[in-house]
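In case you want the letters, here they are:
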Amino acid sequence: MRLSLLWMLVTLSTSLVCAQQKPLSADTLHWSSSRPLTWDDFKGKPIEGIGFFGEAYCQDAANFEKASTFSKTKTTVTAIFDKRNSWVDPTQKTDQGLLYFQVMFNLFEVHARELRKKLKETKLGMNPTKVFQQLHGESMSMLSDEYGKFREETKAGSDLSQLKHWDAVVQQKLLNLQGN
């Protein structure tokens, strides 16, 4: 297995919505404790000859809605896996590789929960855009830093011992943030 050649492209993005939230496509998977990733979720076309066995695209989609000036701001934050753009070389599917992608997706959910918690605790005010964008930006920065550390310490998933350690740490964070 050539996990040391694994490359992940992490898409960190947000959508700001002031009226209606656009539904996500069937090409996405929302994080769920009852629905872990499977290799069937990787629907993208493999890119040959680049030395990677797969890529996973994830994001924490954050939105807010404020119906009127005096109404309360409603926020949503969702960890999303993009099936259409995530791919794997069919000859390189391993349990260790899938675990790497799952821990990565779980890390996105941890940061989504942390942002949801922070948004619940923060008064967004009459014009929530600035505060919302600041909190979301801080969250994405922390996610990027932690993902980089995860990738480095697990050697992009090739160090099974570190990968299992990260899995346990991230699972504990998910438990600690349950309900957020």
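Here the structure is a predicted model, which is why all the values come from computation and not from measurement. (Residues numbered from 1 in each chain as written. Predicted model: local features only at pLDDT ≥ 70, side-chain atom pairs only at ≥ 80, totals over all residues. Heavy atoms only, no water.)

A. Helix H2 (residues 129–153), seen in detail. Helix length check: H2 (25 residues) gives 36 Å between terminal C-alpha atoms against 36 Å at 1.5 Å per residue, within 8%. Taken together, the buried positions of H2 are occupied by Phe-132, Leu-135, His-136, Ser-139, Met-140, Leu-143, Glu-146, Tyr-147 and Phe-150. Contacts from the buried residues of H2 go to strand S2 (54–65), strand S3 (74–88), helix H1 (95–121) and helix H3 (160–176). Following H2 by one or two positions, Lys-155 adopts a phi angle in the positive range, close to 55°. (Helix = DSSP H or I, 4+ residues; strand = E, 2+ residues; numbered from the N terminus. Expected span 1.5 Å × (residues − 1). Buried < 20%, exposed > 50% of the residue type's maximum accessible area, 1.4 Å probe, protein only. Contact = heavy atoms within 4.5 Å.)

B. Summary view of the pattern of salt bridges. Evaluation of the coordinates by the stated rule reveals six salt bridges. Arg-84 is the partner of Asp-27 in a salt bridge, and the nearest nitrogen-oxygen pair spans 3.6 Å. Taken together, the residues span a long stretch of sequence, with Asp-27 in the segment before strand S1 (28–30) and Arg-84 in strand S3 at a distance of 57 residues. (Salt bridge = Lys/Arg side-chain N within 4 Å of Asp/Glu carboxyl O.)

C. Representation of the packing of H1 against H3 within the structure. Two elements in contact, H1 and H3, have axes whose closest approach is 9 Å; the angle formed by their N-to-C orientations is 30°. When the axes of H1 and H3 are compared, the pair comes out roughly parallel. For the pair H1 and H3, the crossing hand works out as left-handed. Along the contact surface, H1 presents Gln-96, Leu-99, Tyr-100, Val-103, Asn-106, Leu-107, Glu-109, Val-110 and Arg-113, while H3 presents Leu-160, Leu-163, Trp-166, Asp-167, Val-170, Gln-171, Lys-173 and Leu-174. Of the residues in the contact of H1 with H3, the class split is ten nonpolar, three polar and four charged. (Axes fitted to C-alpha atoms, helices over the stretch in contact; angles between N-to-C directions. Parallel < 35°, antiparallel > 145°, perpendicular 65-115°, else oblique. Left-handed = near helix turned anticlockwise from the far one by under 90°. Nonpolar A, V, L, I, M, F, W, Y, C, P; charged D, E, K, R; others polar.)

D. Region of the structure containing the layout of surface pockets. Size it by volume and the second largest pocket reaches roughly 230 Å³. At three residues, H1 tops the list of elements feeding residues into the lining of the second largest pocket. (1 Å grid on protein atoms, 1.4 Å probe; cavity = no way out; pocket = protein on both sides within 12 Å on 5 of 7 lines; lining within 4 Å. Points joined across faces, edges and corners; volume = space filled by probe spheres on them.)

E. Local environment of the pairing of S3. Two strands pair when backbone bridges link them, and S1 and S3 are joined in this way by three bridges, in the antiparallel orientation. Counted as the bridge partner of His-30 is Ile-80 from S3. In this structure, S2 lies alongside S3, joined through eleven bridges in antiparallel fashion. In the sheet register, Asp-60 faces S3, and the bridge partner there is Ala-79. (Pairing = 2+ DSSP bridges.)

F. Region of interest: the sheet that holds S2. Strand order in the open sheet made by the three strands is S1-S3-S2, with antiparallel pairing throughout. For this open sheet the edge positions go to S1 and S2, each flanked by a neighbour on one side alone. The sheet shows a mean angle of 35° between the axes of neighbouring strands, direction not considered. H2 rests against S2 and S3 of the sheet, and its axis sits at about 160° to S2.

G. Geometry of the nonpolar core. In terms of nonpolar packing, the biggest core is built from 39 residues, with Phe-42, Phe-81, Phe-101, Met-104, Phe-105 and Phe-150 touching the most fellow members. Counting residues per element, the ones that place at least two in this core are S2, S3, H1, H2 and H3. It is H1 that provides the largest number of residues to this core, a total of twelve residues. Excluding anything up to four places from it in sequence, Phe-150 contacts Tyr-100, Val-103, Met-104, Leu-107, Leu-163 and Trp-166. (Core = buried A, V, L, I, M, F, W, Y, C linked by side-chain atoms within 4.5 Å.)

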